[in-house]
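Per-entry structural report
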Amino acid sequence: MGVKIVVEVNGTAQSHEVEARTLLVQYLRDVVGLHGTNIGCDTSSCGACTVLLDGESVKSCTVLAAQADGRSVTTIEGLAEPDGTLHPVQSAFREHHALQCGYCTPGMVMAVVSLLKENPSPTESEVRLGLEGNLCRCTGYHNIVKAVLAVGATAGATAGATAGAGAAAEAGR
Ligand code: FES
Ligand code: FES
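Overview of the structure. (Residues numbered from 1 in each chain as written. Chains lettered and ligands numbered in written order. Predicted model: local features only at pLDDT ≥ 70, side-chain atom pairs only at ≥ 80, totals over all residues.)

1. Thoughts on the sheet that holds strand E2 (residues 12-19)
The mixed open sheet is built from 5 strands, whose spatial order is E2-E1-E5-E3-E4. Strand pairing shows two members of the sheet lacking a second neighbour, E2 and strand E4 (56-59), which therefore form its edges. The average undirected angle you get between the axes of adjacent strands in this sheet is 40 degrees. Across 4 bridges, strand E3 (residues 50-53) lies against E4 in antiparallel orientation. In the strand pairing of E4, Thr50 is matched with Lys59. Running at roughly 105 degrees to E2, helix H1 (residues 24-32) makes contact with strand E1 (2-9), E2 and E3 of the sheet. Strand contacts of helix H3 (residues 105-118): E3 and E4, with the helix running at about 40 degrees to E3, the strand carrying the most contacts. (Pairing = 2+ DSSP bridges. Helix = DSSP H or I, 4+ residues; strand = E, 2+ residues; numbered from the N terminus. Axes fitted to C-alpha atoms, helices over the stretch in contact; angles between N-to-C directions. Contact = placed C-beta atoms within 7 Å.)

And the structure:
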């Protein structure tokens, strides 16, 4: 028997009946029709299927679609602005050549978005540790780490400038 679920996917409510055993990744790809989320291993090892569930990164091959009922999911298709402007992480991946075949990239980018939400200015070892659940067989990770550090450096500079402006405003009082 099917299970009725309502899931907010990239800001749009999706209402479907799915089999109880349907995985979130199968739901996103085969029911909703978003093919950006890849399946690499199906055994929770590779991270190619990473999406955000209520803002937290999850491997969508380890979650049942029914578990996403009433919750919100963001996939790679939901990251760019409606006018096509790329998310800063996507831009950094492009700028720093952080992909080759691209198979790991959607999951990698979603994992980076989640990592930077928790730690906006990570060190290199924090980036490597934070992404250890996402495998890439092409890049050797170097350019991926460079891209993440670049986004983190921009976030750090912005936070520093904001703090500096705040301190200056305080001092001027
Ligand atoms: S397909 Fe989900 S972790 Fe590999
Ligand atoms: S770019 Fe090919 S697996 Fe990562």
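Alright, that's what it looks like, and here's the rest.
2. Structural notes on the nonpolar core
Leu24, Met108, Val109 and Val112 are the most contacted members of the largest nonpolar core, which has 43 residues in total. Elements with a minimum of two residues in this core: E1, H1, E3, helix H2 (88-95), H3 and helix H5 (142-172). Residue assignment places this core across two domains, with domain 1 (1-78) and domain 2 (80-173) each supplying three or more. In this structure, Met108 is in contact with Gly47, Leu131, Asn134, Cys136 and Ile144, ignoring residues within four places of it in sequence. (Core = buried A, V, L, I, M, F, W, Y, C linked by C-beta atoms within 7 Å. Buried ≥ 20, exposed ≤ 12 C-beta atoms within 10 Å, placed from the backbone. Domains from an automatic or database assignment.)

3. Things to note about the pairing of E1
By the bridge criterion, 8 bridges tie E1 to E2 in an arrangement that is antiparallel. From the neighbouring strand, Val3 faces E2, where its bridge partner is Val18. Remark: 2 residues form the turn of the hairpin made by E1 and E2, two consecutive strands paired antiparallel; Asn10 in that turn has positive phi of roughly 50 degrees. Note that E1 and strand E5 (residues 72-74) share 2 bridges and pair parallel. What sits directly across from Val9, in E5, is Val73.

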